[in-house]
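Now for the letters of each chain:
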Amino acid sequence: MTSDWQKLNERIADCQACDRLVKHCHLVAKNKRRAYADQDYWGRPVPNMGPSRASLLIVGLAPGAHGANRTGRMFTGDRSGDWLFKALHRAGFANQAESSSQSDGLRLKSCVITAVCHCAPPDNKPTTEETLRCAPFLDQTIQELRPRVFLALGGLAWKAVVKYARQHDWLSGPQPKFSHGSFAQLVIPRRRKRCWLLGSYHPSQQNTFTGRLTEPMLNEIFQQANQFISDT
Ligand code: SF4
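Notes on the structure in this doc start here. Every value quoted in this text rests on a predicted model; they were computed, and no experiment measured them. (Residues numbered from 1 in each chain as written. Predicted model: local features only at pLDDT ≥ 70, side-chain atom pairs only at ≥ 80, totals over all residues. Heavy atoms only, no water.)

Geometrically, a packed helix pair is captured by the angle between its two axes and the distance between the axes. The interhelical angle for the contact between helix α1 (residues 4–14) and helix α5 (residues 128–145), taken along N-to-C directions, is 170 degrees, at an axis separation of 11 Å. The angle between α1 and α5 falls in the class roughly antiparallel. For the pair α1 and α5, the sense of crossing is left-handed. Packed against α1, whose contacting residues are D4, W5, L8, R11 and I12, the element α5 presents F137, Q140, T141, E144 and L145 at the interface. Each residue belonging to the contact of α1 with α5 can be placed in one class, and the counts come to 5 nonpolar, 2 polar and 3 charged. (Axes fitted to C-alpha atoms, helices over the stretch in contact; angles between N-to-C directions. Helix = DSSP H or I, 4+ residues; strand = E, 2+ residues; numbered from the N terminus. Parallel < 35°, antiparallel > 145°, perpendicular 65-115°, else oblique. Left-handed = near helix turned anticlockwise from the far one by under 90°. Contact = heavy atoms within 4.5 Å. Nonpolar A, V, L, I, M, F, W, Y, C, P; charged D, E, K, R; others polar.)

Structure follows, in structure tokens:
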């Protein structure tokens, strides 16, 4: 029987709500990068990656054109993913550090990777309308998982989780500001349970090539995430 988690991921992969993004994903899949000319690109919305039960929900921005849009798996097949999966493996959230394709044997443990926008956008920049259109998938992902820690990779992901938390009365007081290592406590009123929002710079080449984000900095983020999970 198909689980609710599988159904959600199938709905994401089948979505065609954003004409511009659907066309862009198809176009990239058709034109391909020369290095991947012999590969079949996924070329569609990329579903969530990971098991249906997880303590950690990582929220990225959007699939890379020749990474996740090629392989069909979040962060898989590009430099950002190389950084992320190495750190996840070091922190015990992944069974291996390498991530190259859907058949590479990689499994996440108690961790799911999602995105604010499930389709690869031109110039890595979804429009506000596109992220709003995709937001119900993030809402449904959170409702399915009920994670103990949200790790927002970048300011847009941070804002999306804050918005969800406000809408569901999980957050009161001043707006928490994003920075690398910043965090905010969220309280689920009806269940009287708390969870955490943690921020990290996105492991994009723009950040890793310039030294804005280093491996020790990313390791510390996952240590903090593990600490929050064991404290919650
Ligand atoms: S960005 Fe989200 S809402 Fe828009 S087509 Fe892709 S999956 Fe659908």
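Overall, the coordinates contain 8 aromatic pairs when judged by the stated rule. On the numbers, 6.4 Å between centres and 65 degrees between planes, the contact of F178 with Y201 is edge-to-face. Note that F178 is positioned in the loop between α6 (155–167) and β4 (183–188) and Y201 in the loop between β5 (193–200) and α7 (205–208), a separation of 23 residues in sequence. Arranged with centres 4.2 Å apart and planes meeting at 5 degrees, the rings of W196 and F228 form a pair that is stacked. You can see W196 sitting in strand β5 and its partner F228 sitting in helix α8 (residues 215–231), a full 32 residues away along the chain. Taking relative accessible area as the criterion, W196 reaches 10% and is therefore assigned buried. Aromatic ring contacts, followed pair by pair, group F150, Y164 and W170 into a single cluster. Above the ring of W42, the side-chain terminus of R44 is found at 4.6 Å from the ring centroid. In this arrangement the basic side chain of R70 is found over the ring face of Y36, its NZ or CZ atom lying 3.5 Å from the centre. (Phe/Tyr/Trp six-rings, centres within 6.5 Å; stacked < 30°, edge-to-face > 60°. Buried < 20%, exposed > 50% of the residue type's maximum accessible area, 1.4 Å probe, protein only. Lys NZ or Arg CZ within 6 Å of the ring centre and 35° of its normal.)

In this section: the packing of α5 against α6. Two elements in contact, α5 and α6, have axes separated by 11 Å at closest approach and are oriented at 65 degrees. As far as their axial angle goes, α6 and α5 are roughly perpendicular. The element α5 and its partner α6 pack so that their crossing is right-handed. Where α5 abuts α6, its residues L132, L138, D139, I142 and Q143 lie against A160, K163, Y164 and Q167.

Empty space within the largest pocket amounts to approximately 940 Å³. Around the largest pocket sit 34 residues that line it, and S80, N124, H202, S204 and Q205 are the ones nearest its centre. Among the elements of the structure, α4 (79–90), α6 and α7 are those that each provide at least two residues to the lining of the largest pocket. Residue classes in the lining of the largest pocket are distributed as 14 nonpolar, 13 polar and 7 charged. A volume near 330 Å³ is recorded for the second largest pocket. Around the second largest pocket, the lining comprises 15 residues; the ones closest to its centre are V116, T131, L132, A160 and K163. (1 Å grid on protein atoms, 1.4 Å probe; cavity = no way out; pocket = protein on both sides within 12 Å on 5 of 7 lines; lining within 4 Å. Points joined across faces, edges and corners; volume = space filled by probe spheres on them.)

Next up on the list: the pairing of strand β2 (residues 111–115). For β2, a buried count of 5 out of 5 residues is recorded, marking the element as mostly surrounded by other parts of the structure. Note that strand β1 (residues 56–60) and β2 share 5 bridges and pair parallel. Looking at β2, one finds that V59 is bridged to T114. (Pairing = 2+ DSSP bridges.)

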